[in-house]
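Here are the chains, one letter per residue:
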Amino acid sequence: MRILHQVDSFTRTPFTGNPAGVVLDADGMTDADMLAVARELNNSETAFVMPPDGADHDVRVRFFTPTTEVPTCGHATVGAHFARAVGYGLPSGSLVQKTGGGLRQRVEILRDGDGDGDGDRVRIGMHQGAVDFGPELDGSQMDRLLRALGAKSGDLADIVPVQIVSTGHSKVVVELRDRAVVDGLRPDPAALTALSREIGSNGWFVFTRATGEAELLTWARMFAPAIGIAEDPVTGNGHGPLGAYLVHHGIVPAPGGRLEFTGRQGVAMGRPGEVGVRVDTGSGSRQGGELLVSITGDATTAFRARLNA
């Protein structure tokens, strides 16, 4: 008997943050089975956990939207390993997950408390993949993007590029001037989908640094209608590329070679959540070099149910 977990990631309050379905014992399920479960739940992603198939990782996790498999997912990684940590009583520690896209990612279980499970705070950290900076959008693409988002040219932040950035699942990073503009967007899904097909990136991560709250560096929304996600509440694989983008372009300083910040997302959907982001620069900078990106998030279980599949 398989159990389906519904985990809200990047929050400690049920029914906020980003919901992810999690099946911890998915070995033996077919692709069609997994897609059917993801479609039934209609979360942005559902995670399916399986035993390792090699010595270079500890666990396999596949991620499905309601319409397709995706190579990796931040909030569903947090949800899957939160469910494992709580369900199996796992202590603090690290492991390597292999995704359906073949990525190998280090995951941290961070457990604060007395260890008996009652009152423990279990957070999950995820070391994201190598940063890839893709093309910047040209003038024609920018015009179409603004129309697709329901924004105007004056809504853009001061001269910063709109660029494709990936740490495993690419996003187009777009900075706008303030919270009101971000929250007021009313995107055209068909127009965004068409532009996604043209540029080869399915996620549109729109943010501002004018948060109005000292503890928050960024305030964001994310749209990915090309893969069946009209809007994602809180996006781990958006905040990682965002952190790399901010450091790479020298937009936010990284004193001592490290940038750490908190980003909030999901307010416009009524599902607020927060992502902790860390970027270690090493030799990475405006001149290039390796950037190491990780995210951290809380989670809470909304419900569990028997899966009839």
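Residues numbered from 1 in each chain as written. Predicted model: local features only at pLDDT ≥ 70, side-chain atom pairs only at ≥ 80, totals over all residues. Heavy atoms only, no water.

Throughout the structure, instances matching the rule amount to 1 cavity of 30 Å³ or more. Contributing elements (two or more residues each) for the lining of the largest cavity: α2 (74-88), β13 (218-224), β14 (229-232) and α6 (236-248). Residues belonging to the lining of the largest cavity are distributed by class as follows: 6 nonpolar, 10 polar and 3 charged. (1 Å grid on protein atoms, 1.4 Å probe; cavity = no way out; pocket = protein on both sides within 12 Å on 5 of 7 lines; lining within 4 Å. Points joined across faces, edges and corners; volume = space filled by probe spheres on them. Helix = DSSP H or I, 4+ residues; strand = E, 2+ residues; numbered from the N terminus. Nonpolar A, V, L, I, M, F, W, Y, C, P; charged D, E, K, R; others polar.)

Turning to the nonpolar core, a few remarks are in order. Counting 50 residues, the largest nonpolar core has Phe207 and Leu246 as the members making the most contacts within it. Looking at this core, the element that brings in the most residues is α2, giving 6 residues. When sequence neighbours within four positions are dropped, the list of residues in contact with leucine 246 reads Phe207, Arg209, Leu217, Thr218, Ile251, Val252, Leu259 and Phe261. Counting 23 residues, the second-largest nonpolar core is a separate cluster that includes Leu145, Ile164, Val174 and Val181. (Core = buried A, V, L, I, M, F, W, Y, C linked by side-chain atoms within 4.5 Å. Buried < 20%, exposed > 50% of the residue type's maximum accessible area, 1.4 Å probe, protein only. Contact = heavy atoms within 4.5 Å.)

A word on the confidence of the model for the protein. For the protein, mean pLDDT is 94; residues scoring 70 or higher make up 95% of the total. Ignoring residues within four places in sequence, the model shows residues 114-118, a span with pLDDT below 50, making 3 contacts including any to other chains. Contacts for the low-pLDDT stretch residues 284-288, under 50 throughout, to residues beyond four places or in other chains number 10 contacts. (pLDDT = per-residue confidence, 0-100.)

Listed as buried for helix α1 (residues 31-41) are Met34, Val37 and Ala38. Buried residues in α1, looked at end-on, bunch into an arc of 95°, giving them a common side. The outward face of α1, more than 90 degrees from its buried face, is lined by the exposed residues Ala32 and Glu40. For α1, the secondary structure elements touched by its buried residues are β1 (2-9), β3 (45-50), β4 (59-64) and β18 (299-307). (Arc of directions from axis to C-beta.)

Our focus in this paragraph is the packing of helix α3 (residues 139-149) against helix α5 (residues 189-199). Running from amino to carboxyl end, α3 crosses α5 at an angle of 150°, the nearest separation of the two axes being 9 Å. Relative to α5, the element α3 is oriented roughly antiparallel. The way α3 lies across α5 gives a crossing that is left-handed. Contacts between α3 and α5 pair Gln141, Arg144, Leu145, Ala148 and Leu149 from the former with Ala191, Leu192, Leu195, Glu198 and Ile199 from the latter. A class-by-class count of the residues in the contact of α3 with α5 yields 7 nonpolar, 1 polar and 2 charged. (Axes fitted to C-alpha atoms, helices over the stretch in contact; angles between N-to-C directions. Parallel < 35°, antiparallel > 145°, perpendicular 65-115°, else oblique. Left-handed = near helix turned anticlockwise from the far one by under 90°.)

Here threonine 262 lies in strand β15 (residues 258-265). Threonine 262 sits in the partly exposed class, given a relative accessible area of 25%. The residues touching threonine 262, leaving out its near neighbours within four places in the chain, are Glu215, Leu216, Leu217, Thr218, Glu274 and Val275.

This part is about the side chain of glutamine 265. Structurally, glutamine 265 is set in strand β15. Among the polar contacts made by the side chain of glutamine 265, one reaches the main-chain carbonyl oxygen of proline 233 at a distance of 3.2 Å. At 2.9 Å, the side chain of glutamine 265 forms a polar contact with the backbone nitrogen of threonine 235. Excluding residues within four positions of it along the chain, glutamine 265 makes contact with Phe205, Ala220, Arg221, Met222, Asp232, Pro233, Val234, Thr235, His239, Arg271, Pro272 and Gly273. (Polar contact = N/O pair within 3.5 Å; in protein donor to acceptor, adjacent residues only side chain to side chain.)

Right, let's get into the side chain of threonine 99. Here threonine 99 lies in strand β6 (residues 93-99). If near-sequence neighbours (up to four positions away) are discounted, threonine 99 is found in contact with Val61, Phe63, Pro71, Thr72 and Gln105.

So, on to the packing of aromatic side chains. Considering all chains together, one arrives at 2 aromatic pairs under this definition. Ring plane angle 85° and centroid distance 5.8 Å describe the contact between phenylalanine 48 and phenylalanine 64, whose orientation is recorded as edge-to-face. Placement of the pair is phenylalanine 48 in strand β3 and phenylalanine 64 in strand β4, with a sequence separation of 16 residues. Taken individually, phenylalanine 48 and phenylalanine 64 each receive the classification buried, so the pair is uniform in this respect. Note on phenylalanine 207 and tyrosine 245: the rings are 6.4 Å apart at their centroids and 85° apart in plane angle, and the pair reads as edge-to-face. Taken together, the residues span a long stretch of sequence, with phenylalanine 207 in strand β12 (residues 203-208) and tyrosine 245 in helix α6 at a distance of 38 residues. With respect to burial, phenylalanine 207 and tyrosine 245 carry one shared label: buried. The cationic tip of arginine 179 hangs over the ring face of tryptophan 219; the distance from NZ or CZ to the ring centre is 3.7 Å. (Phe/Tyr/Trp six-rings, centres within 6.5 Å; stacked < 30°, edge-to-face > 60°. Lys NZ or Arg CZ within 6 Å of the ring centre and 35° of its normal.)

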